[in-house]
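This is what each chain is made of:
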Amino acid sequence: MKEIKVQTTSRTYPVIIGKNLISHLSNILSNIELAPTKMMVITDETVSTLFRDRFERELKTIGIDYFFHVVPSGEKSKSFETYYECMTAALTNHLDRRSLMIAFGGGVIGDLTGFIAATYMRGIPFLQIPTTLLAHDSAVGGKVAINHPLGKNMIGAFYQPHAVIYDIQFLETLPIDEIRSGFAEVVKHGLIKDPLFVDWLVQHVHHLQQLKEEQLLTFIEKGITIKAEIVSEDEKELGTRAFLNFGHTLGHALEAALGYGRISHGDAVAIGMLFALYVSNQTFGIDLGYERMKEWFQKIGFPTSVHSSISSEQLCERMKNDKKSVNNEIRMVLLENIGTPKLVNFDEKTIYSLLQQWRG
Ligand code: NAD
Ligand code: ZN
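Residues numbered from 1 in each chain as written. Chains lettered and ligands numbered in written order. Predicted model: local features only at pLDDT ≥ 70, side-chain atom pairs only at ≥ 80, totals over all residues. Heavy atoms only, no water.

**Q** Kindly report on the overall build of the chain, identifying the contributing residues and their values.
**A** The secondary structure content of the chain amounts to 13 helices and eleven strands. In terms of overall size, the chain behaves like a compact globule, its C-alpha atoms giving a radius of gyration of 20 Å where 360 residues would be expected to give roughly 21 Å. Considered along the principal axes of its C-alpha atoms, the chain spans approximately 60 × 40 × 35 Å. Among the 360 residues that make up the chain, the fraction classed as buried is 58%. With the model as given, the accessible surface of the chain reaches about 15,500 Å², and the carbon-plus-sulfur share is 49%. Each charge class in the chain can be summarised by its mean position, and for the 36 positive and 41 negative side chains these summaries are 2 Å apart. (Helix = DSSP H or I, 4+ residues; strand = E, 2+ residues; numbered from the N terminus. Rg over C-alpha atoms; globule rule 2.2 N^0.38 Å. Buried < 20%, exposed > 50% of the residue type's maximum accessible area, 1.4 Å probe, protein only. Areas by Shrake-Rupley, 256 points an atom, 1.4 Å probe, with all protein chains shown as cover. Lys, Arg positive; Asp, Glu negative; His and termini not counted. Charge placed at Lys NZ, Arg CZ, Asp CG, Glu CD.)

Structure below.
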């Protein structure tokens, strides 16, 4: 078992990583000095089918009143409707300020539950129990949100959990596409902060099927350590936290242009990272090992180029409308070196021609 601390202005909390951690839930709650009156577990249909019985067995041993609220699987649950239904369930079950909400699922459940916890009675404690690899990223750092039909994550808050319990037993059932999606964020954490870790990944990870447990633990721990450091430095994204958007400028544009759900977040970010590496090479006149990275991405199954049905004009339009861009400029995180990120603003024309060159 490994514990990483996240220190923010509102709260310092542990991210605990290991196997079969939920059998220690009672101890974990007392270590973080939580003695809730009642617990509401929010989860999705898939996770509920797979793990509800196992989780309930543990909850029963704790001796605190609890109930489950199960929502449909997938991005559609980050909606006003699901938010409202969860709030109604919390109210009819008489949750009070000393109750605890538990997010048991992937990034969708974490974002949704976190936003409910942030706003129910002006804020009650919540725990993250992530069940996807991508959630090593989303469960840490306190960004919680639901979507508006006009934009993703548009209604949200910065609201930190009381703890993140990352029990890797839950990853065993994760489909390969979801593993790859989460792995892209692991690679991102390395590229913006740790060249040795990137080398380690390239040397040791040759395919994502049947990853060894120690490998999985190594890169989850590393990814979370890097994320925790960045969040502890800049909780509200006034500076360095923006580096976590490496690969996301083009990645988000691609997700939006193709239609959400048509490409996984991680696959889109993988393509975005290659483009960001290419732009870094061109901008700083260096070689960051673009070809090596591209070959490795291909080997482990990431797409490495934008589908020809999407035009560069479309992508530039989306990048310009990104909520992080200012004055119609396109803001990208580049690398001066592996591990040394830098924010650079471009005008649309420059990005358009770089995109065209890169696409060949
Ligand atoms: P997700 O929660 O939808 O999970 C992906 C799919 O895997 C779902 O169908 C889910 O039911 C299923 N699943 C979950 N656990 C499983 C398991 N153990 N075995 C088998 N199937 C399982 O999506 P995600 O990829 O975990 O997260 C994506 C979301 O995270 C997006 O909404 C994104 O905006 C958000 N996100 C948030 C942050 C943040 O900082 N808050 C960062 C990155 C991403
Ligand atoms: Zn991401």
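Here the narrative resumes.
**Q** So, the pairing of strand S8 (residues 151–158): which residues are in play, and what are the values?
**A** Of the pairings in the sheet, the one linking strand S7 (residues 143–148) to S8 comprises five bridges and is antiparallel in character. By the bridge assignment for S8, His148 is matched with Gly151. Counting the residues between successive antiparallel strands, the hairpin from S7 to S8 contains two residues. (Pairing = 2+ DSSP bridges.)

**Q** Describe the coordination of the zinc ion (ligand 2), with residues and values.
**A** At the metal site, the zinc ion (ligand 2) is ligated by Glu185 (OE), His248 (NE2) and His265 (NE2), and these contacts range over 1.9 to 2.1 Å. Along the chain, the residues donating to the zinc ion (ligand 2) fall in the pattern E-x62-H-x16-H. Here Glu185, found in helix H6 (residues 176–193), pairs with His265, found in helix H10 (residues 265–284); they are 80 residues apart in sequence, far enough to count as distant. Glu185 gets classed as buried once you look at its relative accessible area, which sits at 1%. (Donors = N, O, S within 2.8 Å, 3.2 Å for Na, K, Ca; no water.)

**Q** I'd love a proper account of helix H11 (residues 290–300), names of residues and values included.
**A** Residues Tyr290, Met293, Trp296, Phe297 and Ile300 constitute the buried set of H11. The arc that holds every buried residue of H11, seen down its axis, measures 130°, which confines them to one face. Summarising the geometry of H11, the exposed residues directed more than 90 degrees from the buried face are Glu295 and Lys299. Those residues of H11 that are buried lie in contact with H6, helix H7 (195–204), H10 and helix H13 (348–359). Of the residues one or two after H11, Gly301 is the one with positive phi, at around 105°. (Arc of directions from axis to C-beta. Contact = heavy atoms within 4.5 Å.)

**Q** Account for the layout of surface pockets, naming residues and giving values.
**A** Counted as a void, the second largest pocket has a volume near 220 Å³. Lining the second largest pocket are 13 residues, with Leu171, Glu172, Ile179, Leu211 and Leu216 positioned closest to its centre. Sorting the residues of the lining of the second largest pocket by element identifies H6 and helix H8 (213–233) as the ones contributing at least two each. Split into classes, the residues belonging to the lining of the second largest pocket amount to eight nonpolar, two polar and three charged. (1 Å grid on protein atoms, 1.4 Å probe; cavity = no way out; pocket = protein on both sides within 12 Å on 5 of 7 lines; lining within 4 Å. Points joined across faces, edges and corners; volume = space filled by probe spheres on them. Nonpolar A, V, L, I, M, F, W, Y, C, P; charged D, E, K, R; others polar.)

**Q** Any details on the site of ligand 1? Residues and values, ideally.
**A** For ligand 1, the set of nearby residues contains 26 residues, the closest of which are Asp44, Glu75, Thr132, Phe170 and Thr173. Measuring from an oxygen atom of ligand 1, one finds a side-chain N or O atom of Lys78 at 2.8 Å. Between ligand 1 and the protein, one listed contact pairs a nitrogen atom with a backbone N or O atom of Phe170 at 2.7 Å. For ligand 1, whose unbound accessible area comes to 860 Å², protein coverage reaches 87%. With four residues, the single largest contributor to the shell around ligand 1 is helix H2 (residues 45–62). Here the residues of the shell around ligand 1 are counted per class, giving eight nonpolar, nine polar and nine charged. (Near = heavy atom within 4 Å. Polar contact = N/O pair within 3.5 Å; in protein donor to acceptor, adjacent residues only side chain to side chain.)

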